[in-house]
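One-letter residues, chain by chain:
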Amino acid sequence: MLSIVEHDYGTPERTGEKLVTLTIDDREVTVPEGTSVMRAAALSDVKIPKLCATETLEAFGSCRLCLVQIDGMKGLPASCTTPVAQGMVVHTQNKQLADVRRGVMELYISDHPLDCLTCPANGHCELQDMAGVVGLRDVRYGYQGENHLESKKDESNPYFTFDPSKCIVCSRCVRACDEQQGTFALTIQGRGFESKVAASQDESFMDSECVSCGACVQACPTATLSEKSLIQKGQAEHSVTTTCAYCGVGCSFRAEMQGEEVVRMVPNLDGHANHGHSCVKGRFAIGYATHADRILKPMIRKQISDPWREVSWEEAIAYAASEMKRIQAKYGRNSIGGITSSRCTNEETYLVQKLVRAGFGNNNVDTCARVCHSPTGYGLKNTLGESAGTQNFDSVMQADVIFVIGANPTDGHPVFASQMKRRLRQGAKLIVADPRTIDLVRTPHIQAQHHLKLRPGTNVALINSLAHVVVTEGLVKEDFVRARCEVDSFEKWRKFVSLDKNSPESMEEITGVPASEVRAAARLYATAGNGAIYYGLGVTEHSQGSTMVMGIANLAMATGNIGREGVGVNPLRGQNNVQGSCDMGSFPHEFPGYRHVSDDKVRSLFEGAWGVSLQNEPGLRIPNMFEAALDGDFKGLYIEGEDIAQSDPNTQHVTAALTSMECIIVQDLFLNESAKFAHVFLPGSSFLEKDGTFTNAERRISRVRQVMRPKAVYADWEITQLLSNALGYPMTYKHPSEIMDEIARLTPTFTGVSYQRIDELESIQWPCNEQHPDGTPTMHIGQFVRGKGKFLLTEYVPTAEKVNAKYPLILTTGRILSQYNVGAQTRRTENNRWHDEDRLEIHPHDAEERGIAEGDWVGIASRAGDTVLRARVTERVQPGVVYTTFHFPESGANVITTENSDWATNCPEYKVTAVQATRVSQPSEWQKRFREFTETQESLLKHAAADAVAAK
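About the criteria used
Residues numbered from 1 in each chain as written. Predicted model: local features only at pLDDT ≥ 70, side-chain atom pairs only at ≥ 80, totals over all residues. Heavy atoms only, no water. Pairing = 2+ DSSP bridges. Helix = DSSP H or I, 4+ residues; strand = E, 2+ residues; numbered from the N terminus. Axes fitted to C-alpha atoms, helices over the stretch in contact; angles between N-to-C directions. Contact = heavy atoms within 4.5 Å. Core = buried A, V, L, I, M, F, W, Y, C linked by side-chain atoms within 4.5 Å. Buried < 20%, exposed > 50% of the residue type's maximum accessible area, 1.4 Å probe, protein only. Parallel < 35°, antiparallel > 145°, perpendicular 65-115°, else oblique. Left-handed = near helix turned anticlockwise from the far one by under 90°. Arc of directions from axis to C-beta. Salt bridge = Lys/Arg side-chain N within 4 Å of Asp/Glu carboxyl O. Phe/Tyr/Trp six-rings, centres within 6.5 Å; stacked < 30°, edge-to-face > 60°. Right-handed = clockwise from strand over helix to strand, strands pointing away.

**Side note on the sheet that holds strand 16 (residues 401–405)**
Strand order in the open sheet formed by 5 strands is 20-17-16-21-22, with parallel pairing between adjacent strands. Each having just a single partner strand, strand 20 (450–452) and strand 22 (569–571) make up the two edges of the open sheet. The sheet shows a mean angle of 15° between the axes of neighbouring strands, taken without regard to direction. In the packing of helix 12 (residues 414–425) onto the sheet, contacts are made with strand 16, strand 17 (429–433) and strand 21 (531–535), and the angle to strand 16 comes to roughly 140°.

**Some remarks on the nonpolar core**
Among the nonpolar cores identified, the biggest contains 72 residues, and Phe160, Phe205, Leu225, Ile402, Met420, Leu430 and Phe687 are the most heavily contacted of them. Residues contacting phenylalanine 687, with those up to four places away along its chain left out, are Thr242, Thr243, Cys244, Ala245, Met265, Ile286, Tyr288, Phe694, Val704 and Arg705. One finds Ala316, Val680, Leu682 and Leu746 within the second-largest nonpolar core, a separate group that totals 60 residues.

**A short note on the packing of helix 9 (residues 346–360) against helix 26 (residues 736–746)**
As a packed pair, helix 9 and helix 26 sit with axes 9 Å apart at the nearest point and diverge in direction by 65°. Here helix 26 runs roughly perpendicular to helix 9, going by the angle between their axes. Judged by the sense of rotation from one axis to the other, the crossing of helix 9 with helix 26 is left-handed. Listed contacts from helix 26 to Asn346, Glu347, Tyr350, Leu351 and Lys354 of helix 9 are Pro736, Ile739, Met740, Glu742, Ile743 and Leu746.

**Examining the environment of proline 767**
Along the polypeptide, proline 767 turns up in the loop between strand 30 (764–765) and strand 31 (809–814). On the basis of relative accessibility, which here comes to 10%, the residue proline 767 falls in the buried class. Taking the C-alpha atoms as reference points, proline 767 and valine 262, separated by 505 residues in sequence, lie 34 Å from one another. Residues contacting proline 767, with those up to four places away along its chain left out, are Arg699, Thr749, His772, Gly775, Thr776 and Met779.

**Section: helix 22 (residues 622–630)**
Taken as a whole, helix 22 has its buried residues at Ile622, Met625, Phe626, Ala628 and Ala629. For helix 22, the angular spread of the buried residues around the axis is 165°, confining them to a single face. Lining the buried residues of helix 22 we find strand 14 (336–340), strand 15 (365–367), strand 25 (636–640), helix 23 (644–647) and helix 24 (651–659). Looking one or two places after helix 22, you find glycine 632, whose phi comes out positive at around 90°.

**Side note on unusual backbone geometry**
Look at the link from tryptophan 766 to proline 767: it is a cis peptide, with omega at 0°. Positive phi outside glycine occurs at arginine 699, with the angle close to 65°. Along the chain, arginine 699 turns up in the loop between strand 28 (692–695) and strand 29 (700–704). Judged by its relative accessible area of 0%, arginine 699 falls in the buried class.

**With respect to the pattern of salt bridges**
This structure, assessed with the given rule, holds 55 salt bridges. In this structure, the salt-bridge partner of arginine 839 is glutamate 837, at a minimum N-O distance of 3.3 Å. By relative accessible area, arginine 839 is classed as buried at 15%. Glutamate 837 sits in the buried class, given a relative accessible area of 18%. One salt bridge in this structure joins glutamate 849 and arginine 850, with 3.5 Å as the shortest N-O distance. A residue is classified by how much of its surface remains accessible, and glutamate 849, at 54% relative accessible area, is exposed.

**Topic: the sheet that holds strand 31**
Hydrogen bonding along the main chain pairs the strands of a sheet, whether they run parallel or antiparallel. Here 6 strands make up a closed barrel; going around it, the order is 31-35-32-34-33-36 and the pairing mixed. This sheet shows a mean twist of 45° between the axes of neighbouring strands, independent of strand direction. As judged from the 5 bridges shared by strand 33 (residues 857–862) and strand 34 (residues 866–873), these two strands associate in the antiparallel manner. Across the sheet, residue isoleucine 860 finds its bridge partner in strand 34, namely threonine 867.

**Thoughts on the packing of aromatic side chains**
Any aromatic ring pair is given by two values, namely how distant the centres are and how the planes are angled relative to each other. By the definition in use, this model includes 23 aromatic pairs. Taken together, a centroid distance of 5.0 Å and an interplanar angle of 5° make the contact between tyrosine 159 and phenylalanine 284 stacked. Here tyrosine 159, found in the loop between helix 3 (126–133) and strand 5 (160–162), pairs with phenylalanine 284, found in helix 7 (residues 280–284); they are 125 residues apart in sequence, far enough to count as distant. Assessed through its relative accessible area of 10%, tyrosine 159 is described here as buried. Assessed through its relative accessible area of 11%, phenylalanine 284 is described here as buried. A connected cluster of aromatic rings, assembled from ring pairs, spans Tyr159, Phe160, Phe162, Phe205, Phe284 and Trp834.

**Section: the pairing of strand 14**
Burial analysis of strand 14 places 5 of its 5 residues in the buried class, the great majority of the element. Where burial is concerned, the two faces of strand 14 agree: the one with Ile336, Gly338 and Thr340 and the one with Gly337 and Ile339 are both buried. Taken together, the 4 bridges between strand 14 and strand 25 define a ladder with parallel strand orientation. Its bridge partner being in strand 25, isoleucine 336 is matched across the sheet by glycine 636. Direction of pairing for strand 14 relative to strand 15: parallel, over a ladder of 3 bridges. Bridging across to strand 15, threonine 340 finds its partner in threonine 367. Running through helix 9, the crossover from strand 14 to the neighbouring parallel element strand 15 is right-handed.

Next comes the structure, spelled out in structure tokens:
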């Protein structure tokens, strides 16, 4: 039977140069100072019984099962809480210890149901195992006295149950919630016999502060906390290690399987990004992969008003290829293009951009990174020399001050947020720059030293005022700058930020942040030791997104916070493979590895490998595709795993462009919003159905492993290959590993990457090449990738999106923990129990002015359009600012966002939209049209299913 974990040495690892030698059961053992006796024994293959101890949690010493004898020490100490000492002699087995352990186990079993054969944990219950280990054969106390056997089970959580009758009050769940997750939602209530685990104020798990990360379930040594899927399906018979397909943290999981059915997803203790932790999405929200909404047959139609027709793969591919050829013959080579996905693998993304460049014969390829982190690539490339973050996640544990700018890690990147909170509880200082009061500002045992609650759209003004303090107060790390950076660029930058117009006092009127707070935050970041910056879409999705990224890099270089652990510039990527989609050459101006298409040497390399001539001019970006479509010049689009009709700004503009095209090919799991405008639907595969790799926010390349056959016959890379072959450009890959081998041959930062090497190291952070055969956890050590770091001037330019009497409020957008991006995956899971609609957060002052109460329907109008959402009245937002999420298509969040974008990359300015909010009683006109159109498209889809049944 499948074991619960690969290994468990009982207590956490200790590291250090000082070693201690002791004797355990006549075996000499040498371990680092601070190691527990339990762990030292386990490392020497001596297994001491335990229940409350696990290596993911600090020792607690409550179960009294791990008692040992130590020469010269009184009593029987707990081996989990006893540190090793030089010359210590430990005995783990003798009659006295055996008798005591059996006695302890008798007490546990006397108040525990004897239903092992029907228990979901049967066969992997630690209590059951330890009863066998200590040789328990009888329970002398009987079951007639007072007990907890009739305690009521809590089944409120959709993913797991809590059965207190099986609880041994070992506190592992409480400690996991505290130490791993950092939510502190569980506690031990009462004393003595009355002791019990309680969620929040003795509430149900669903009504409590629990965030359903699963840490408590993972930690539980009995069936007290059990996954409902395990209860329903029984235990797994094999497991496959793979990588989560949600956010940019890239958690490693073991998919525990019965044949081709997933029983549960268990976070991998050896996962380098997550270290055995998880969140509600990655751990539990995988039901979408087998949801009834999935389309499993290819479909085609002539017009979007026609019913869909299910066809064979051969017919669908042939039709798609013929339409693309027809369009190019009629409108020219540049009349078609493709969009890659940040949810697909590196190999699949690489093939799509290769298909566009070599098969379509143009560079009209772009990716959803256009609308999120394209300014990161531009800003970091121009300052530091590489379009990626500088650190690994573990680096945060060496940070002395953590500066979070425009990111909400607890909702967007929850597993990394838990690690960050752990460091903050250890004493690191926190600065938050965000228009909203995000959870990190004040959460259990954590409070930000400074919350710079700036007005949306004033990021650059804030970063310049922070830099002004660093420069004018003599806080520049002069030796670092002189040795590592272009001095001329630094002197120009120093002169610029020193100007009085950039002072906190001058900028206060613009940012709304008190000058004293800015000065204090700047001093803290510059002088605390190791300063680490983590930022998100609140930095990039602005008209000055690229400028702000450069401003962050400037600040890090000026203070010497680059090139070692505990520091750095760290973009928190939103989707599972945003980094990878950029690495693979998904932008119209760059080949894989961020090399410009106009570079003759680089282009010649790819021409030689691909056997075709390639264009030397950049192709169309996504916004350019829309404009060209409306102008009648762009007529065909291949979209793999992306939903531009929901995710891109100014929805009505996007859908008008889609409507004007003659052939849209959508390759996805569901009939998403973009697919409703499509003429060809090619059913894609989930991450469970294919092999490949994802690259997370720390440049970590991790394996995605197939755990079940593709439900629609083909993996996504195979579909792209079929389309390419039908278009006349041959692709003959037999496995994704061959695609990665080609990537490695053509991309300098990937030359040492292969599936074999990833399997050996478990994951690799690029660059991985001859200089860095094991990868590069920390970049820019010694020197920057570009040689010398370059300071760039960051003049604050106010956004063109301004408030006025008609639109007096600023709308900003973001995401929430339980939902993911456009919601196509999470909306088809029980995560809707926490968040089943997008709501508008509005400050009490603004709500009162407009007669808006909690739960009222509110009309939100902008220059682009209007929609209706229900109100959430909260002081999380500041007066004059409203906020919403964008997870539900019917909410129309992007109907009201405008086409304003970053000056360098066209990344949309989602974070700043001037709006008015009014109390209303009915949906907007757009929402009415949306519902009618959706009903029509769903009926056309039903025609396809009905015709298929009739044909049989």
